[in-house]
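Secondary and tertiary structure notes
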Amino acid sequence: MRMGEFSRRTGVSQRLLRYYEEQGLLRPARRPSGYREYEEADVVTVRGIRMLLAAGLNTAVIAELLPCMVDEGRILEPACSSMLPDLHRERARIDEAAAALLAARDRLDALIELTAEDGVTDEEACVAVGRGQSGDHPAVGGPR
């Protein structure tokens, strides 16, 4: 099937399909005219790519893991346990990112709480009130 139909079948834009090809994740056949020709197996591959992306993996990691995946019906599944170290490494990376986001949220919550407690009323002391929010504070790029 040609790219337009393949895009409709997978729900993935043609631009993104070309990107997957650039990353080595998809390898459609080429017609003599240069048009890409996709097979039914490529639909399953794209679903697997989307699943791995949703799991937080980047395309470089997916390119490493994709050859270790097999079509077991609806989606691709791991074919061997040799993938486990890579999957554990990616899980640890996601855990670190999640911890950093939670720490940032905690700091923001502390700022919110302190701001609410202090009840800043001196607008000259707090540029963010009034002028700063309208974009005319020098720090935000507006005229002063």
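Refer to the structure presented above.
Residues numbered from 1 in each chain as written. Predicted model: local features only at pLDDT ≥ 70, side-chain atom pairs only at ≥ 80, totals over all residues. Heavy atoms only, no water.

1. A few points about helix H3 (residues 40–54)
Stated precisely, the cut-off is as follows: Secondary structure counts use DSSP, requiring at least four H or I residues in a row for a helix and at least two E residues in a row for a strand, with both numbered from the N terminus. A helix is expected to reach a length of 1.5 Å times the quantity of its residues less one. Residue contacts are counted whenever heavy atoms from the two residues lie within 4.5 Å of one another.
For H3, with 15 residues, the first-to-last C-alpha span of 22 Å sits near the 21 Å given by 1.5 Å per residue. In this fold, the buried residues of H3 make contact with helix H1 (3–10), helix H2 (14–22), helix H4 (59–65), strand E3 (69–71) and strand E4 (76–78). Looking one or two residues beyond H3, the residue adopting positive phi is Gly-56, at roughly 95°.

2. Observations regarding the side chain of Glu-21
Just so we agree on the cut-off: Here a polar contact is taken to be a pair of N or O atoms separated by no more than 3.5 Å, where protein atoms must pair a possible hydrogen donor with a possible acceptor and residues adjacent in sequence count only if both atoms sit in side chains.
Among the secondary structure elements, Glu-21 is positioned in helix H2. A distance of 3.2 Å separates polar atoms of two side chains, one belonging to Glu-21 and the other to Arg-30. Here Arg-36 takes part through its side chain, which lies 2.5 Å from a polar atom of the side chain of Glu-21. In contact with Glu-21, other than residues within four places in its own chain, are Leu-26, Pro-28, Arg-30, Arg-36 and Tyr-38.

3. A look at H2
Basically, it comes down to this: Any residue under 20% of the maximum accessible area for its type is buried, any over 50% is exposed, and the rest in between are partly exposed; the area is computed with a 1.4 Å probe on protein chains only. In this description, one arc is meant: the one made by directions from the helix axis to the C-beta atoms.
Those residues of H2 not exposed but buried are Leu-17, Tyr-20 and Glu-21. What you see down the axis of H2 is that its buried residues fit within an arc of 100°, all on one side. Facing away from the buried surface of H2 by more than 90 degrees, the exposed residues are Arg-15 and Glu-22. Each element contacted by the buried residues of H2 is listed here: H1, strand E1 (29–30), strand E2 (36–37) and H3.

4. Side note on the state of the cysteines
By definition, a disulfide is the covalent link that joins the sulfur atoms of two cysteine residues. Operational definition: Any cysteine sulfur atom paired with another within 2.5 Å is treated as part of a disulfide.
Following the criterion strictly, the structure yields 0 disulfides and no others. Between Cys-68, a free cysteine, and Cys-80, which holds the nearest cysteine sulfur, the sulfur-to-sulfur gap is 4.5 Å. The class of Cys-68 is partly exposed, set by a relative accessible area of 23%. Residue Cys-80 is classed as partly exposed on the basis of its relative accessible area, which comes to 33%.

5. Comments concerning the packing of aromatic side chains
Quick note on the threshold: Only rings of Phe, Tyr and Trp enter the pairing, Trp through its six-membered ring, and a pair is recorded when the two centres are within 6.5 Å. The plane angle decides the type: under 30 degrees is stacked, over 60 is edge-to-face, the rest tilted. For a Lys NZ or an Arg CZ to count as sitting over a ring, it must be within 6 Å of the ring centre and within 35 degrees of the ring normal.
Considering all chains together, one arrives at 1 aromatic pair under this definition. Note on Phe-6 and Tyr-38: the rings are 4.0 Å apart at their centroids and 0° apart in plane angle, and the pair reads as stacked. Within this pair, whereas Phe-6 is found in helix H1, its partner Tyr-38 is found in the loop between E2 and H3, the two being separated by 32 residues in sequence. Residue classification places Phe-6 among the buried residues on the basis of a relative accessible area of 0%. In this structure, Arg-2 packs its charged tip against the face of Tyr-35, placed 4.0 Å from the ring centre.

6. Points about the pattern of salt bridges
The condition that has to hold: In what follows, salt bridge is the name for a side-chain nitrogen of Lys or Arg lying within 4 Å of a carboxyl oxygen of Asp or Glu.
A full pass over the atoms with the stated rule returns 8 salt bridges. Between Glu-90 and Arg-93 there is a salt bridge, with its nearest N and O atoms 2.8 Å apart. Residue Glu-90 and its partner Arg-93 are located together in helix H5 (residues 84–118), separated by 3 residues, close to a single helical turn. The residue Arg-91 makes a salt bridge to Asp-95 at a minimum N-O spacing of 2.9 Å.

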